[in-house]
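One letter stands for each residue in the lines below.
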Amino acid sequence: MSDNAPPSFTEQNDGRSGYPPGILPPAAPLWPGFLTGQQDAPVRVLLVDDDEFMRRVIAQELLSDLRIQLEGQAGSLRDGRRLIATHAFDVLMVDLRLGDGNGFDLIREARKLNSAAEVIVITALEDEAHVLQAFELGATGYLLKDAWLQSFAQAVLQVVNGGAAITPRLARRLLARLSHRPAGAPPSVEAPQREATLTARECEVLRFVARGHVTEEIGTKLGISGQTVNAHIKNIYKKLHVHSRAQAVSYAAYSGLI
């Protein structure tokens, strides 16, 4: 070894650390144990995109994170259908425009096969109609392919821990449209007609959900238990007639509830 080379851990560990010389200590956990996505129980992901280059870029990022396990990839609607039918998965990442069909069809089928799974759309389509349709079908993430300030791996971990993932540029544009809407004006995209009155606490919880906070974080910020947070979220689902946090946030934002 060169005289200028840094000493290895083994050379530094002379036994005073509590471990025998030359023995590495257990690796530190990647993040808190209460969150979904651990080395011994990674999040299982299926990736469906007919853009081979983009699929390779996303796959490389997912494979580099020990909290995520890429179970399978497909480049068509047909192969995507085979994937969701033959693989267990926690998250489906899917493009909306596939060479042989529509990504929305795959989302519908995935939700029927595995209602507990999360869906993240990866697409070049950023108009509001596509965004809202994806959320109405149960997607909890919407990522634009040409965005720089986003992480596909972090989006996966975000949605499996109760959050929603949306490309910052798209989120900002949607927020800008909301902020410029005249007071009392109807949403620019027609929302489903439903009667909904949320309590002040429920609105507070939903605002934290919209900012991407998970249950434990919301409880800490509001000084309530995670169980109470989940109870509020269930009430919100019931009042808004929705089935996911992303749907609740989408409807509440466009209807002026938050």
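Just so you know, these numbers come straight off a predicted model, no measurement behind them.

So, how was this worked out
- Residues numbered from 1 in each chain as written.
- Predicted model: local features only at pLDDT ≥ 70, side-chain atom pairs only at ≥ 80, totals over all residues.
- Heavy atoms only, no water.
- Helix = DSSP H or I, 4+ residues; strand = E, 2+ residues; numbered from the N terminus.
- Buried < 20%, exposed > 50% of the residue type's maximum accessible area, 1.4 Å probe, protein only.
- Lys, Arg positive; Asp, Glu negative; His and termini not counted.
- Salt bridge = Lys/Arg side-chain N within 4 Å of Asp/Glu carboxyl O.
- Contact = heavy atoms within 4.5 Å.
- Core = buried A, V, L, I, M, F, W, Y, C linked by side-chain atoms within 4.5 Å.
- Pairing = 2+ DSSP bridges.
- Axes fitted to C-alpha atoms, helices over the stretch in contact; angles between N-to-C directions.
- Expected span 1.5 Å × (residues − 1).
- Arc of directions from axis to C-beta.
- Polar contact = N/O pair within 3.5 Å; in protein donor to acceptor, adjacent residues only side chain to side chain.

Novice: Hey, could you run me through the side chain of E118 in this one?
Specialist: Structurally, E118 can be placed in strand β6 (residues 118–123). Buried within the structure, E118 lacks any salt-bridge partner; its nearest side chain of opposite charge belongs to R111, at an N-O separation of 5.6 Å. Beyond its immediate chain neighbours, meaning those up to four positions away, E118 contacts D90, V91, L92, T140, V159 and V160.

Novice: Got a minute to help me understand the environment of S250 in this structure?
Specialist: Considering the arrangement of structural elements, one finds S250 in helix α11 (residues 245–254). Expressed as a C-alpha distance, the spacing of S250 and V131, which sit 119 residues apart in the sequence, is 9.3 Å. Sequence-distant contacts of S250, that is, excluding residues within four places in its chain, are made with L132 and F135.

Novice: Would you mind showing me how to read the nonpolar core here?
Specialist: Looking at soluble globular proteins, one finds that nonpolar side chains tend to be buried together. Counting 29 residues, the largest nonpolar core has V48, L92 and Y142 as the members making the most contacts within it. Secondary structure elements with two or more residues in this core: β1 (43–48), α3 (77–86), β3 (91–94), α4 (103–113), β6, α5 (128–136), β7 (141–144) and α7 (168–179). When neighbours within four sequence positions are excluded, L92 is seen to be in contact with L46, V48, I84, L106, A110, E118, V119 and I120. Membership of the second largest hydrophobic core comes to 25 residues, among which are A59, I120, A153 and V214.

Novice: Can you walk me through the sheet that holds β6 in this structure?
Specialist: The six strands are arranged β2-β1-β3-β6-β7-β8 in an open sheet whose pairing can be described as parallel. The strands lining the two open edges of the sheet, one partner per strand, are β2 (68–74) and β8 (165–166). In terms of strand pairing, β1 meets β3 through four bridges, oriented parallel. Paired with V48 across the two strands is V94, which belongs to β3. Of the strands in this sheet, β1, β2, β3 and β6 are in contact with helix α2 (residues 52–63), which crosses β2 at around 160°.

Novice: In this structure, what is going on with α2? I would like to understand it.
Specialist: Residue pairs three or four apart in sequence face the same way in an α-helix, which turns once every 3.6 residues. Spanning twelve residues, α2 covers 16 Å between terminal C-alpha atoms, matching the ideal 16 Å at 1.5 Å per step. Buried within α2 are the following residues: M54, R55, I58, A59 and L62. Seen end-on, α2 carries its buried residues on one side only, within an arc spanning 130°. α2 presents E52, F53, Q60 and L63 as exposed residues on the side facing more than 90 degrees away from its buried surface. In this structure, the buried residues of α2 make contact with β1, β2, β3, β6 and α6 (152–160). Two or three places before F53, at the start of α2, stands the capping residue D51, its side-chain oxygen 3.1 Å from that residue's backbone nitrogen.

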